[in-house]
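Residues per chain are reported as follows:
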Amino acid sequence: MPGQFRLSIPELIKECAEAHSLGIPAVTLFGIPKMKDEYGSEGFDSDGIVQRAVRAIKDKVPELLVITDVCIDEYTSHGHCGIVKDGKILNDETLELLAKMALTHAQAGADLVAPSDMMDGRVAAIRSALDESGYQDLPILSYAAKYASCFYAPFRDAADSTPQFGDRKSYQMDPANRREAVREVALDIEEGADLIMVKPALPYLDIIRDIRERFDVPLAAYQVSGEYAMIKAAAQQGLIDEGRTIAESLLSIRRAGADLILTYFAKDFAHLDSKG
Ligand code: PBG
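These numbers were taken from a predicted model, which means no experiment stands behind them. For every chain, the first residue of its written sequence is number 1, and the numbers climb from 1 along that sequence. For a predicted model such as this one, the threshold for reporting local features is a pLDDT of at least 70, and the threshold for listing and counting side-chain atom pairs is 80 or more; totals across whole chains, interfaces and linings nevertheless cover every residue. To get the side-chain values, take all heavy atoms of the structure and skip hydrogens and water.

In this structure, the second largest pocket spans a volume of roughly 160 Å³. Residues are called lining when one of their atoms sits within 4 Å of a cavity or pocket point, these points coming from a 1 Å grid over the protein atoms alone, where a cavity is a set in which a 1.4 Å probe fits but cannot get out and a pocket is an open set with protein on both sides within 12 Å along at least five of seven lines. Taken together, 13 residues make up the lining of the second largest pocket; nearest its centre are Met118, Asp120, Ser170, Tyr171 and Gln172. Numbering goes from the N terminus for both helices and strands, where a helix is a DSSP run of H or I of at least four residues and a strand is a run of E of at least two. Of all the secondary-structure elements, those providing two or more residues to the lining of the second largest pocket are β4 (88-90) and α6 (179-191). Three classes are used, and their members are as follows: Ala, Val, Leu, Ile, Met, Phe, Trp, Tyr, Cys and Pro are nonpolar, Asp, Glu, Lys and Arg are charged, and the others, Gly among them, are polar. Split into classes, the residues belonging to the lining of the second largest pocket amount to six nonpolar, three polar and four charged. Grid points are joined across faces, edges and corners, and a volume is the space filled by probe spheres set on the points.

As a further point, take the packing of α6 against helix α7 (residues 205-214). Here α6 crosses α7 at 45 degrees, and the two axes come no closer than 10 Å. As far as their axial angle goes, α7 and α6 are oblique. The chirality of how α6 crosses α7 is right-handed. On α7, the residues touching Ala181, Val182 and Val185 of α6 are Ile207, Ile211 and Arg214. In the contact of α6 with α7, the residues fall into five nonpolar, no polar and one charged. Axis geometry follows a simple rule: fit a line to the C-alpha atoms, using only the stretch in contact for helices, then measure angles between N-to-C directions, giving values from 0 to 180 degrees. Relative orientations are named as follows: roughly parallel for angles under 35 degrees, roughly antiparallel for angles over 145 degrees, roughly perpendicular for angles from 65 to 115 degrees, and oblique for any other angle. Each crossing is labelled by how the near helix is turned from the far one, with a counterclockwise turn of less than a right angle marking it left-handed and a clockwise turn marking it right-handed. Should any heavy atoms of two residues lie within 4.5 Å, those residues are considered in contact.

A few words on the packing of aromatic side chains. Each pair of aromatic rings taken from Phe, Tyr and Trp, with Trp reduced to its six-membered ring, is defined by centres within 6.5 Å and is described as stacked if the planes are under 30 degrees apart, edge-to-face if over 60, and tilted in the remaining cases. Under the criterion given, the structure shown has six aromatic pairs. Between Tyr147 and Tyr204, the ring centres sit 4.5 Å apart and the planes meet at 25 degrees, which makes this aromatic pair stacked. Pair noted here: Tyr147 is in the loop between β6 (141-146) and α5 (153-159) and Tyr204 is in the loop between β7 (195-199) and α7, with a separation of 57 residues, a long-range link. Across the pair, exposure class does not vary: Tyr147 and Tyr204 are buried alike. Ring centres 6.2 Å apart and planes at 45 degrees place the aromatic pair Tyr222 and Tyr264 in the tilted group. Separated by 42 residues along the polypeptide, Tyr222 in strand β8 (residues 219-223) and Tyr264 in the loop between β9 (260-263) and α10 (266-274) bring together distant segments of the chain. For Tyr222, a relative accessible area of 3% corresponds to the buried category. Put simply, the rings of Tyr143, Tyr222, Tyr228, Tyr264 and Phe265 touch in pairs and so form one group of aromatic residues. In this scheme, a residue with accessible area under 20% of its type's maximum is buried, one over 50% is exposed, and one in between is partly exposed, where area comes from a 1.4 Å probe on protein chains only.

The next point concerns the site of the ligand. In the region of the ligand, 18 residues are neighbours, and Asp73, Arg156, Lys199, Ser225 and Tyr264 sit closest. In protein, a polar contact requires one atom able to donate a hydrogen and another able to accept it; more generally it is a pair of N or O atoms within 3.5 Å, and residues adjacent in sequence count only if both atoms are side-chain atoms. A distance of 3.3 Å is found between a nitrogen atom of the ligand and a side-chain nitrogen or oxygen belonging to Ser116. Ser225 places a polar side-chain atom, nitrogen or oxygen, 2.6 Å from an oxygen atom of the ligand. Throughout, a molecule is located in a cavity or pocket provided that more than half of its atoms lie within 2 Å of its grid points. In a pocket analysis with a 2 Å cut-off to the grid points, the ligand is assigned to the largest cavity. Of the residues that constitute the shell around the ligand, the class distribution is eight nonpolar, three polar and seven charged. Residues are labelled near a given molecule or strand when at least one of their non-hydrogen atoms is within 4 Å of it.

A separate point is the nonpolar core. Definition of nonpolar core: a set of buried residues of the types Ala, Val, Leu, Ile, Met, Phe, Trp, Tyr and Cys, connected through side-chain atoms within 4.5 Å. In terms of nonpolar packing, the biggest core is built from 65 residues, with Leu29, Ile57, Ile208 and Ile211 touching the most fellow members. Residue contacts for Ile211: discarding those within four places in its chain leaves Ala181, Val182, Val185, Ile196, Val198 and Leu219. If you look at the next biggest cluster of nonpolar residues, it comprises 19 residues, including Ala220, Ile246, Tyr264 and Phe265.

Moving on, we get to the pairing of β7. One face of the sheet, then the other: side chains in a regular strand alternate in exactly this way. In terms of residue burial, β7 counts as a mostly covered element, since five of its five residues are buried. Burial along β7 is two-sided: the residues Leu195, Met197 and Lys199 and Ile196 and Val198 are all buried. DSSP calls a pair of strands paired once it identifies at least 2 bridges connecting them. Relative to β7, β6 runs parallel, the two being bridged by four bridges. Note that in β7 the partner of Lys146 across the bridge is Lys199. Seen with its strands pointing away from the viewer, a crossover is right-handed when the path leading from the first strand over the helix to the second is clockwise. Each parallel crossover has a hand, and for β7 linked through α7 to β8 it is right-handed.

Following this line, the structure appears as structure tokens:
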């Protein structure tokens with residue numbers, strides 16, 4: 001991904017200080033562990049990379065909101081978002097790991113936890129784990145409507161999290177299915193999600209609009225790695241104007257109804273914005 005890097009904790013602090021000074025309100029962390037294993041153990045280790053990173057940011061750039069991605073795929077050797085047995089994803093067994101992971105993020109000082117795994121029932125599992133440990137006030141940003149999209153390819157390449165077998169279609173949503181998004185969001189809100197997210201963004205503007213019209217909770221949209229990479233690649237070839245394309249894509253996501261946008265263009269856009 002052009003312009004996107006894996007960072008050490010000192011580099012991350014510099015990046016966060018810069019983001020904060022540009023007026024970017026929040027960052028989302030994704031971790032790359034030293035070792036991947038079957039259960040993604042480093043993901044729920046209180047000394048894991050993300051947990052240490054959260055503590056460092058909250059120490060050095062305390063005003064920047066830190067959102068953590070709650071999912072084991074970056075930490076598992078098979079690259080799936082759930083525990084695997086005999087080639088199948090075990091939904092319910094995975095919930096315990098996700099709850100543990102969210103709790104270690106909370107203990108490190110995360111401001112929001114964002115489950116992106118799409119296991120059924122994970123918002124409720126995370127909510128009760130947080131509540132039991134005194135984190136009743138910590139909000140959950142749920143990736144409620146997450147499609148099984150080919151637009152995640154550059155991220156998976158960057159995070160080495162491409163599934164080693166099969167695909168994610170048993171837990172992520174079918175791109176052809178519009179109404180399922182509404183059911184997924186309703187379930188997550190019922191389970192205790194405070195904010196919800198639609199992902200990807202630009203190819204799913206109809207979904208953003210559907211959700212905006214039906215639910216009255218803060219709505220986020222994730223402009224994913226493939227959306228970012230396409231604009232960067234086209235701009236590098238001189239085929240489009242990068243700044244204008246970034247601005248129009250973000251405007252479109254906003255117009256569809258998103259209150260918040262998670263985007264790899266945050267710094268680029270902040271620079272454009274400051275130039276008017
Ligand atoms: C799963 C996760 C993924 C992304 C964010 N969280 C990968 C996936 O579902 O395969 C992709 C984000 C992007 O493409 O920018 N932990």
